[in-house]
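Reading the structure
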Amino acid sequence: MSQHIYNAKGGQMLVAGYDRMLWDFFYDLYAKEGDFPDKVLESYMDGTVNCKDLNSIRDRVEALLPGVPANFWECIRSDAEHHVGNRVVLWNPDGSIARDESADQPAAEVTT
């Protein structure tokens with residue numbers, strides 16, 4: 001599974017990625033409640049999207065959280081194309097990557 005975590009400026013957090021075991025895409029959108037964005041606003045499990053189609057998820061998320069960087073989605077699509085798993089990418093609100101970790105490589109700080 002690849003997990004991409006985008007922290008939006010308003011305190012919302014989007015977790016999305018590709019599950020290589022299920023061959024599905026996923027997302028969960030959280031609202032900030034207190035100090036942490038821990039209240040689920042919407043999930044792929046709600047049945048509002050086609051989990052086999054990243055564009056379906058992207059369109060739905062854009063309706064709820066406009067401004068998610070295009071490269072966020074491109075990285076998830078690349079993970080699916082290359083069957084990447086065991087990866088966690090933390091994204092800054094400006095669309096740059098704060099951290100990219102994979103079980104296949106040592107954790108590294110990334111600046112873009």
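Refer to the structure presented above.
From a predicted model like this one, the values you see are computed outputs, not experimental measurements.

For any two helices packed against each other, the geometry comes down to the angle between their axes and how far apart the axes lie. The contact between helix H1 (residues 54-64) and helix H2 (residues 70-81) brings their axes to 11 Å, and the two run at 155 degrees. Between H1 and H2, the angle falls in the class roughly antiparallel. Once H1 is placed against H2, the crossing between them reads as right-handed. Residues Leu54, Asn55, Ile57, Arg58, Val61 and Glu62 of H1 touch H2, and the partners they reach there are Ala70, Trp73, Ile76 and Arg77. For the contact of H1 with H2, a count of residues per class yields six nonpolar, one polar and three charged.

A complete count under the given rule lists five salt bridges for this structure. The partner of Arg87 in a salt bridge is Asp100, and the shortest N-O contact between them spans 2.7 Å. Note that Arg87 is positioned in strand E5 (residues 87-91) and Asp100 in strand E6 (residues 97-102), a separation of 13 residues in sequence. The exposure classification of Arg87 matches that of Asp100, with both residues buried.

What counts as what
- The residue numbers shown here count from 1 along each chain, following its written sequence.
- Totals for whole chains, interfaces and linings use every residue, but because this is a predicted model, local features are given only for residues with pLDDT of at least 70 and side-chain atom pairs only at 80 or more, for both listing and counting.
- Just so you know, side-chain values use all the structure's heavy atoms and leave hydrogens and water out.
- Geometry is summarised by axes, namely lines fitted to C-alpha atoms with helices restricted to the contacting stretch, and by angles between N-to-C directions that run from 0 to 180 degrees.
- The way it works is that DSSP assigns letters per residue, a run of H or I at least four long becomes a helix, a run of E at least two long becomes a strand, and they are numbered from the N terminus.
- In what follows, roughly perpendicular refers to angles from 65 to 115 degrees, roughly parallel to angles under 35, roughly antiparallel to angles over 145, and oblique to any angle outside these ranges.
- By convention the crossing between two helices is left-handed if the near helix lies anticlockwise of the far one by an angle smaller than a right angle, and right-handed if it lies clockwise.
- The contact rule is simple, with two residues in contact once any of their heavy atoms fall within 4.5 Å.
- All amino acids are sorted into three groups, where Ala, Val, Leu, Ile, Met, Phe, Trp, Tyr, Cys and Pro are nonpolar, Asp, Glu, Lys and Arg are charged, and the leftover types, Gly among them, are polar.
- For this document, the term salt bridge refers to a Lys or Arg side-chain nitrogen within 4 Å of an Asp or Glu carboxyl oxygen.
- Any residue under 20% of the maximum accessible area for its type is buried, any over 50% is exposed, and the rest in between are partly exposed; the area is computed with a 1.4 Å probe on protein chains only.

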